[in-house]
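The primary structure of each chain is shown beneath.
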Amino acid sequence: MVERLVPDELWELFQRVVPEAPSRPQGGGRRRRGDREVLAAIVFVATSGCTWQQQLPSASFGPSGGTAHRRFAEWTKVRVWAKLHRLVLDELGARGELDWSRCAIDSVNMRALKEGGLTGPNPVDRGKYGSKIHLIMERTGLPLSGISGANLHDSQALTPLEKGIPPIRSRRGRRRRRPGKLHADKGYDYDHLPHWLRGRGIRHRIARKGIESSTRLGRHRWTIERTMAWLAGCRRLHRRYERKAENFLAFTSIACTLICYRRLTK
């Protein structure tokens, strides 16, 4: 089970970003559970959507649900998941697997079962508390950057999302972080956004309100709908169970990392 959820190549990448285990100068204490087993338990929780305490099959991994959750919180605090996602993107970029000619941006809503950070009344779900996942991805559908907000309008997410793309390695030349062209739906049809994109040297194709049909995804935006479907494979993101915003963002980063890693292994 551990080797299936955390293959050798993913484990080698994870070892490059995980911090060293704290030492006990006084000695004693219980033996610390291995990081690979704990990582496998975290991936299982993310993909299956099970709870930490009652449903995690500890017999299959070794660490208990409490141990896995504590290690998850420790690694989230030092941004291990964001670093792992960027490292996988670097490996893809070095192999020439990223297509920067076109990018697409979109968001998906989900209900929050607990009120916490980055939650708010969802205007499209009868005012019930929820969160959003905003994603920007390259031409083939690999997520480059993601932020999560509550009742944040899509137009307000474009600027921080595009700025949040990290410098990623290229097969030739220096690192890259700007797409050649950006595709978006009518939620981003505001006058200041095209001006801002042009100022950064990015061409845009934003659907216009009252002019273009909302039933057509176009030849290029269908990839982002497919990626959103891939994101739903992380069942922990079907509903927001976490009170802390950083934990919810961590599961989003884990889902994006797994999507990119599947492309890396092909």
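The model shown is predicted, which means the values in this text are computed figures rather than measured ones. (Residues numbered from 1 in each chain as written. Predicted model: local features only at pLDDT ≥ 70, side-chain atom pairs only at ≥ 80, totals over all residues. Heavy atoms only, no water.)

**A short note on a positive patch on the surface**
There is a patch of like positive charges on the surface, built from Arg30, Arg31, Arg33 and Arg70. Along the polypeptide, Arg70 turns up in helix H5 (residues 65–77). (Patch = residues over 30% accessible without salt bridge, like charges linked within 9 Å, V, L, I, M, F, W, Y side chains within 5 Å. Areas by Shrake-Rupley, 256 points an atom, 1.4 Å probe, with all protein chains shown as cover. Salt bridge = Lys/Arg side-chain N within 4 Å of Asp/Glu carboxyl O. Lys, Arg positive; Asp, Glu negative; His and termini not counted. Charge placed at Lys NZ, Arg CZ, Asp CG, Glu CD. Helix = DSSP H or I, 4+ residues; strand = E, 2+ residues; numbered from the N terminus.)

**Considerations on helix H8 (residues 192–199)**
Considered for burial, the residues of H8 that qualify are Leu193, Pro194 and Leu197. For H8, the angular spread of buried residues about the axis comes to 100 degrees, placing them on one side. Away from its buried face, by an angle of more than 90 degrees, H8 presents the exposed residues His195 and Gly199. Among the structural elements, helix H7 (154–163), strand E5 (181–184) and strand E6 (203–206) are those in contact with the buried residues of H8. Just past H8, the residue Gly201 takes up positive phi, approximately 75 degrees. (Buried < 20%, exposed > 50% of the residue type's maximum accessible area, 1.4 Å probe, protein only. Arc of directions from axis to C-beta. Contact = heavy atoms within 4.5 Å.)

**Remarks on the pattern of salt bridges**
This model, assessed by the stated rule, comprises nine salt bridges. Two residues, Glu9 and Arg95, come together in a salt bridge whose shortest N-O distance is 3.3 Å. On the criterion of sequence distance, the pair formed by Glu9 in helix H2 (residues 8–15) and Arg95 in the loop between helix H6 (80–94) and strand E1 (103–111) is long-range, its members being 86 residues apart. By relative accessible area, Arg95 is classed as partly exposed at 38%. A salt bridge links Asp35 to Arg71; the nearest nitrogen and oxygen atoms lie 2.7 Å apart.

**Thoughts on the side chain of Lys181**
Of note, Lys181 is situated in strand E5. Judged by its relative accessible area of 16%, Lys181 falls in the buried class. In contact with Lys181, other than residues within four places in its own chain, are Ser101, Arg102, Cys103, Ile202, Arg203, His204 and Arg205.

**A word on the pairing of E5**
With burial as the criterion, each face of E5 is covered, one bearing Lys181 and His183 and the other bearing Leu182 and Ala184. One ladder, built from two bridges, connects E1 with E5; its direction is parallel. Counted as the bridge partner of Ala104 is His183 from E5. The parallel pair E5 and E6 is bridged by H8, and the resulting crossover is right-handed. (Pairing = 2+ DSSP bridges. Right-handed = clockwise from strand over helix to strand, strands pointing away.)

**Topic: the packing of aromatic side chains**
How two aromatic rings sit relative to each other is set out by the distance from centre to centre and by the angle between their planes. Considering all chains together, one arrives at nine aromatic pairs under this definition. Seen in terms of ring centroids, Trp52 and Phe72 are 5.4 Å apart; in terms of plane orientation they differ by 40 degrees. Their pairing is tilted. You can see Trp52 sitting in the loop between helix H3 (35–48) and helix H4 (58–61) and its partner Phe72 sitting in helix H5, a full 20 residues away along the chain. Looking at Trp52, the relative accessible area reads 10%, which means it is buried. Classification of Phe72 as buried rests on a relative accessible area of 1%. Aromatic rings pair up to connect Trp11, Phe14, Trp52, Phe72, Trp75, Trp81 and Phe251 into one cluster. (Phe/Tyr/Trp six-rings, centres within 6.5 Å; stacked < 30°, edge-to-face > 60°.)

**Thoughts on the nonpolar core**
Grouped together as the largest cluster of nonpolar side chains are 71 residues, with contacts concentrated most on Phe14, Trp81 and Leu231. With eleven residues, the top contributor of residues to this core is helix H10 (residues 245–265). (Core = buried A, V, L, I, M, F, W, Y, C linked by side-chain atoms within 4.5 Å.)

**Some thoughts on the environment of Gly173**
Mapped onto the fold, Gly173 is located in the loop between H7 and E5. The class for Gly173 is exposed, based on a relative accessible area of 71%. Sequence separation of Gly173 and Gly93 is 80 residues, and the distance between their C-alpha atoms is 11 Å.

**Re H6**
Between the first and last C-alpha of H6 there are 21 Å, a value that for 15 residues agrees with the 21 Å anticipated at 1.5 Å per step. Of all the residues in H6, the buried ones are Val80, Trp81, Leu84, His85, Leu87, Val88, Leu89, Asp90, Glu91, Leu92 and Gly93. Following H6 by one or two positions, Gly96 has its phi on the positive side, about 75 degrees. (Expected span 1.5 Å × (residues − 1).)

**Focus on the state of the cysteines**
Here, disulfide denotes a covalent bond that connects the sulfur atoms of two cysteines. Using the criterion set out here, one finds zero disulfides in the structure. The thiol sulfur of Cys256 is not disulfide-bonded, and the nearest other cysteine sulfur, from Cys260, lies at 6.7 Å. (Disulfide = S-S within 2.5 Å.)

**Let's talk about the packing of H2 against H10**
Helix-helix packing: each pair is described by the crossing angle between the helix axes and the interaxial distance. Relative to each other, H2 and H10 sit at 125 degrees, their axes nearing to 11 Å. As the angle between them shows, H2 and H10 are arranged oblique. Considering how the two elements wind past one another, H2 and H10 form a crossing that is right-handed. The residues of H10 that touch H2, namely those facing Glu9, Leu10 and Leu13, are Tyr261, Leu264 and Thr265. In terms of residue class, the contact of H2 with H10 is made up of four nonpolar, one polar and one charged. (Axes fitted to C-alpha atoms, helices over the stretch in contact; angles between N-to-C directions. Parallel < 35°, antiparallel > 145°, perpendicular 65-115°, else oblique. Left-handed = near helix turned anticlockwise from the far one by under 90°. Nonpolar A, V, L, I, M, F, W, Y, C, P; charged D, E, K, R; others polar.)

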